[in-house]
Amino acid sequence: MSRPWFPDVEPIVYRGPQSETPLAFRWYDPDRVVCGRRMEEQIRFAVAFWHSLAWEGSDVFGAASFPRSWNSAADPLAVARDRIDAGFELCETLGIPFFCFHDRDVTPDVGSLSETNALLDRALEHLERGMERSGRRLLWGTANLFGHPRYAAGAATNPDPEVFAFAAAQVKHCLEATHRLGGANYVLWGGREGYETLLHTDLRRELDQLGRFLVLVVEHKHRIGFPGTLLVEPKPFEPTKHQYDFDAAAVLALLQRYDLVGEVALNIEVNHATLAGHDFTHEIAYAVANGIFGSIDANRGDPRLGWDTDQFPDDPLEWALAWREILGAGGMGTGGCNFDAKLRRQSVDPVDLLHAHVGGMDAIARGLLAAEALMADGTLDRAVAERYAGWEGELGRSIRAGGLGLPDLERIVLERRLSPQPRSGGQERLENLVRRFV
Ligand code: XLS
Ligand code: NI
Ligand code: NI
C-alpha cells in the first residue's frame with residue numbers, strides 16, 4: 001500500500017497496554033474475541049468523511065485552519081478522487097473496516113439536481129473501485145439536507161413543498177447510491193427539521209410533513225430492495241433552536257405516530273444525548289428497551305460548552321456502560337461505531353487525525369473489554385435481578401398479567417396487612433463494583 005497522504009506512518013497495530021509507542025493500540029486488538037465475536041466485528045468502527053476528510057478546521061468564528069492537500073485540486077471531481085483516496089488510506093492505516101459519508105462530502109452542489117447527481121455518480125465510481133481495492137465497506141450513507149441555503153427553513157418540514165420535493169429527490173438518489181455501494185444502513189439526521197421560533201411555525205403541520213417524508217423513504221427502501229437499516233439520528237437542537245428528533249423518546253413518538261415502528265431504528269450520538277440532558281447510556285438503554293437501537297455516532301461533548309463539540313471519545317467508563325446495554329441486546333446488528341468526531345482547530349497536522357482515532361478506538365475497546373468482564377462476573381446483573389425479585393413472585397406476576405384491579409390490590413393490602421419496607425439500592429456499592437472492571 002503506498003501512503004501518499006499520510007507518509008511516514010506505518011499501519012497501526014495492537015501493542016498492548018504497556019506500549020509506549022504513541023501510534024499503537026493499547027486496547028483495540030481486532031482479532032481478540034469478545035463476547036463471541038472478534039473485536040473488529042463486535043465494534044465495527046467507521047471513519048466519517050465529513051469531519052475527517054472534508055472539514056478543514058473552520059468554525060463560526062474563523063476560516064479553515066488546516067487546509068488538506070487532498071482537498072486542494074482545482075476541479076471538484078479531482079478533489080473527490082483525492083479525498084476518497086485519502087479516506088481509504090486513513091481507514092487502512094488505522095485498520096478501520098467501514099466509512100460513512102454524506103452525498104455532499106464527496107462532491108458539491110453544482111446548481112441543478114441533474115448536474116449535481118451526475119458529478120456525484122462519477123465520484124462514486126471512484127469510491128466503488130477504492131472499496132474493492134481496499135476491502136473497506138460502507139456503514140451508512142446520508143444526504144446533506146442542511147447545508148445548502150434552500151434548506152434554511154428545513155427540508156421535509158419546510159413551509160415550501162418545492163423544498164420538500166427537492167429533499168425527497170436528493171434522498172432518493174443518495175439512498176440508491178448507498179444501496180449500490182452495499183451500505184449496511186441509511187441515516188436521516190434532521191439538522192434543520194425543527195424551528196427557530198413558534199411565532200411563524202405550524203408545529204402540527206411540520207410533524208406531519210416529517211412523518212410523510214419518513215414514510216416515503218421507507219416505501220422507496222422497499223421499492224429498490226435495500227436490505228440495510230433506516231436510521232434516524234436524534235439531536236435536540238443546533239442548528240435550530242428545537243429539533244423534532246430531539247431524543248430517542250421523541251423519535252419513538254414520531255415512529256409510533258406515523259406507523260413506522262419496525263421500519264426505522266436510531267443512530268445514537270454521544271454528544272447529542274448529553275445535549276438533550278441525558279447520559280449516552282440512557283439513550284441506548286431507551287432505544288434497546290423499545291427495540292429501536294441501530295448504530296452509534298461516537299464522540300463526546302465538553303461539560304462546560306453547551307454545543308456539539310464532537311470531540312473524540314476518551315472515557316472507557318462511559319463506553320463500558322454503553323456496551324453493557326448493546327451486548328445485552330445482542331450486539332451491533334447492522335450498526336457500528338462511526339467517529340462523528342473532529343479534531344480541535346489547532347491540531348493542524350494530518351497525523352493528528354491518526355492520534356485522535358487511536359485514542360477513540362482504545363477508549364471504546366477498553367469499555368468493551370470492561371463490559372465483558374463485568375457481565376462475566378455477574379454481580380451487577382444479579383443485583384438488578386434481586387432488586388426486582390418480587391415481580392417474579394405471585395403478587396408481582398399477577399399484577400403484570402393484568403388480572404388485578406385497584407379494588408383487588410386494596411383487598412390484598414388489607415388482608416395481608418402489607419407494610420413494605422425500604423431496601424437499600426446499594427448504588428455506591430455498585431459504582432465501586434463497576435470501577436473494578438474499568
Ligand atoms: C450533526 C450530526 C451529523 C450526522 C450526519 O450534529 O451528528 O454529523 O451524524 O448528518
Ligand atoms: Ni452524528
Ligand atoms: Ni453531531
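To be clear, the structure that these remarks concern was listed above.
Let me sum up the structure you'll find in this document.

## Points about the coordination of the nickel ion (ligand 2)
Here is step 1 of the chain: The coordination sphere of the nickel ion (ligand 2) contains the protein donors E233 (OE), E269 (OE), D297 (OD) and D340 (OD), at a distance range of 1.9 to 2.1 Å.
Here is step 2 of the chain: Between the donor residues of the nickel ion (ligand 2), the gaps in sequence give the motif E-x35-E-x27-D-x42-D.
Here is step 3 of the chain: The metal-metal distance between the nickel ion (ligand 2) and the nickel ion (ligand 3) comes to 3.8 Å, with E269 coordinating both. Residue E269 is located in strand β10 (residues 264-269), and its partner D297 is located in strand β11 (residues 293-297); the two are separated by 28 residues in the primary sequence.
Here is step 4 of the chain: Taking the relative accessible area as the measure of exposure, E269 reaches 1% and is therefore buried.

## A look at the layout of surface pockets
With a probe scaled to a water molecule rolled over the atoms, the places where space remains empty come into view.
Here is step 1 of the chain: Reported here for the largest pocket is a volume of approximately 1300 Å³.
Here is step 2 of the chain: Around the largest pocket sit 41 residues that line it, and H51, W55, E238, D310 and K342 are the ones nearest its centre.
Here is step 3 of the chain: Put simply, the parts of the chain that give the lining of the largest pocket at least two residues each are α2 (49-54), α4 (103-106), β5 (137-142) and β6 (185-189).
Here is step 4 of the chain: Counted as a void, the second largest pocket has a volume near 480 Å³.
Here is step 5 of the chain: Lining the second largest pocket are 14 residues; nearest its centre among them are L321, R324, L380, L430 and V434.
Here is step 6 of the chain: Elements supplying a minimum of two residues to the lining of the second largest pocket: α11 (316-328), α13 (379-387) and α16 (427-437).

## Regarding the environment of K235
Here is step 1 of the chain: Mapped onto the fold, K235 is located in the loop between β8 (229-233) and β9 (242-243).
Here is step 2 of the chain: Distance from K235 to D245, taken between C-alpha atoms, is 6.0 Å for residues ten residues apart in sequence.
Here is step 3 of the chain: Excluding residues that lie within four positions of it along the chain, K235 makes contacts with W189, Q243, D245, F246, H272, L275 and D308.
Here is step 4 of the chain: In this structure the side chain of K235 is engaged in a polar contact, spanning 3.0 Å, whose partner is the backbone oxygen of E238.

## Comments concerning the site of ligand 1
Here is step 1 of the chain: Around ligand 1 lies a shell formed by W50, H102, W140, F146, W189, E233, K235, E269, H272, D297, D308 and D340.
Here is step 2 of the chain: At 2.6 Å from an oxygen atom of ligand 1 is found a side-chain nitrogen or oxygen belonging to H102.
Here is step 3 of the chain: E269 is positioned with one of its side-chain polar atoms (N or O) 2.6 Å from an oxygen atom of ligand 1.
Here is step 4 of the chain: Calculation on ligand 1 without its partners gives an accessible area of 290 Å², and the protein chains cover 94% of this total.
Here is step 5 of the chain: Put simply, ligand 1 lies in the largest pocket.
Here is step 6 of the chain: Across the shell around ligand 1, the residue classes tally to four nonpolar, two polar and six charged.

## Here we look at the side chain of E193
Here is step 1 of the chain: Of note, E193 is situated in the loop between β6 and β7 (194-195).
Here is step 2 of the chain: Buried charged residue E193 carries no salt bridge. Nearest counter-charge: R192, at 9.1 Å.
Here is step 3 of the chain: Reaching out from E193, the side chain makes a polar contact with the backbone nitrogen of A155 at a distance of 3.1 Å.
Here is step 4 of the chain: Residue contacts for E193: discarding those within four places in its chain leaves G154, A155, A156, T157, L210, H242, Q243 and Y244.

## Quick look at the packing of aromatic side chains
Here is step 1 of the chain: By the definition in use, this model includes 15 aromatic pairs.
Here is step 2 of the chain: Note on F88 and F99: the rings are 5.5 Å apart at their centroids and 85 degrees apart in plane angle, and the pair reads as edge-to-face. Here F88 is found in helix α3 (residues 76-94), whereas its partner F99 is found in strand β4 (residues 98-102), with eleven residues between them in sequence.
Here is step 3 of the chain: On the accessibility criterion, F88 (1% relative accessible area) is buried.
Here is step 4 of the chain: Seen from their ring centres, F312 and F339 are 5.7 Å apart, and the 35 degrees between their planes marks the pair as tilted. With F312 in the loop between β11 and α11 and F339 in strand β12 (residues 337-339), this residue pair connects regions lying 27 residues apart in the sequence.

## Concerning the state of the cysteines
Here is step 1 of the chain: On inspection of all chains with the given rule, the structure shows zero disulfides.
Here is step 2 of the chain: Left without a disulfide partner, C100 is nearest to the cysteine sulfur of C91, which lies 9.5 Å away.
Here is step 3 of the chain: Since its relative accessible area comes to 0%, C100 is described here as buried.
Here is step 4 of the chain: Between C337, a free cysteine, and C100, which holds the nearest cysteine sulfur, the sulfur-to-sulfur gap is 10 Å.
Here is step 5 of the chain: Owing to a relative accessible area of 0%, C337 belongs among the buried residues under this scheme.

## Some remarks on the coordination of the nickel ion (ligand 3)
As a benchmark, a tetrahedral metal site with four donors has ideal angles of 109.5 degrees, while an octahedral site with six donors has ideal angles of 90 or 180 degrees.
Here is step 1 of the chain: Bound to the nickel ion (ligand 3) on the protein side are E269 (OE), H272 (NE2) and D308 (OD), at distances that span 2.1 to 2.4 Å.
Here is step 2 of the chain: Donor residues for the nickel ion (ligand 3), ordered by position in the chain, follow E-x2-H-x35-D.

## Observations concerning the nonpolar core
Here is step 1 of the chain: In this structure, I43, I296 and W323 are the most contacted members of the largest nonpolar core, which totals 101 residues.
Here is step 2 of the chain: Here the element with the most residues in this core is helix α12 (residues 350-377); it accounts for ten residues.
Here is step 3 of the chain: When sequence neighbours within four positions are dropped, the list of residues in contact with I43 reads Y28, W323, M332, G336, C337, I364, A365 and L368.
Here is step 4 of the chain: Counting residues in hydrophobic clusters, the runner-up holds ten residues, among them F98, L139, W140 and L231.

What counts as what
Along each chain, residue indices are assigned from 1 in the same order as the chain's sequence is written. Chains and ligands are labelled by the order in which they are written, letters from A for the one and numbers from 1 for the other. Under the rules for a predicted model, residues below a pLDDT of 70 receive no local features and side-chain atom pairs below 80 are neither given nor counted, while totals for whole chains, interfaces and linings still include all residues. In computing side-chain values, all of the structure's heavy atoms are included and hydrogens and water are not. In this description, a donor is an N, O or S atom within 2.8 Å of the metal centre, a cutoff extended to 3.2 Å for sodium, potassium and calcium. Water is not part of the atom list, which can make sites seem incomplete. Each helix is a run of DSSP H or I of at least 4 residues and each strand a run of E of at least 2, with the numbering of both proceeding from the N terminus. Buried means the residue's accessible area, taken with a 1.4 Å probe over protein chains only, is under 20% of the maximum for its type, while exposed means over 50%, and partly exposed covers the values in between. For each structure, a 1 Å grid was placed over the protein atoms alone; sets of points admitting a 1.4 Å probe that cannot get out are labelled cavities, open sets with protein on both sides within 12 Å along at least five of seven lines are labelled pockets, and lining residues have an atom within 4 Å of a point. Grid points are joined across faces, edges and corners, and a volume is the space filled by probe spheres set on the points. Working rule for contacts: check all heavy atoms of both residues, and any pair within 4.5 Å makes them a contact. In protein, a polar contact requires one atom able to donate a hydrogen and another able to accept it; more generally it is a pair of N or O atoms within 3.5 Å, and residues adjacent in sequence count only if both atoms are side-chain atoms. Proximity is defined per residue: if any heavy atom of the residue lies within 4 Å of a molecule or strand, that residue is considered near it. Each accessible area is a Shrake-Rupley estimate made with a 1.4 Å probe; only the visible protein chains count as cover when residues are assessed. Grid points define the cavity or pocket, and a molecule sits in it when more than half of its atoms lie within 2 Å of them. Classes in brief: Ala, Val, Leu, Ile, Met, Phe, Trp, Tyr, Cys and Pro nonpolar; Asp, Glu, Lys and Arg charged; the others, Gly included, polar. Asp and Glu are treated as the negative residues and Lys and Arg as the positive ones, with His and the ends of the chain left uncounted. Here, a salt bridge means any side-chain nitrogen of Lys or Arg that lies within 4 Å of a carboxyl oxygen of Asp or Glu. Pairing of aromatic side chains requires ring centres within 6.5 Å, counting the rings of Phe and Tyr and the six-membered ring of Trp. Pairs whose planes differ by under 30 degrees are stacked, by over 60 edge-to-face, and all others tilted. Working definition: a disulfide is two cysteine sulfur atoms within 2.5 Å of each other. Remark: nonpolar core denotes a set of buried residues (Ala, Val, Leu, Ile, Met, Phe, Trp, Tyr, Cys) joined through side-chain atoms within 4.5 Å.

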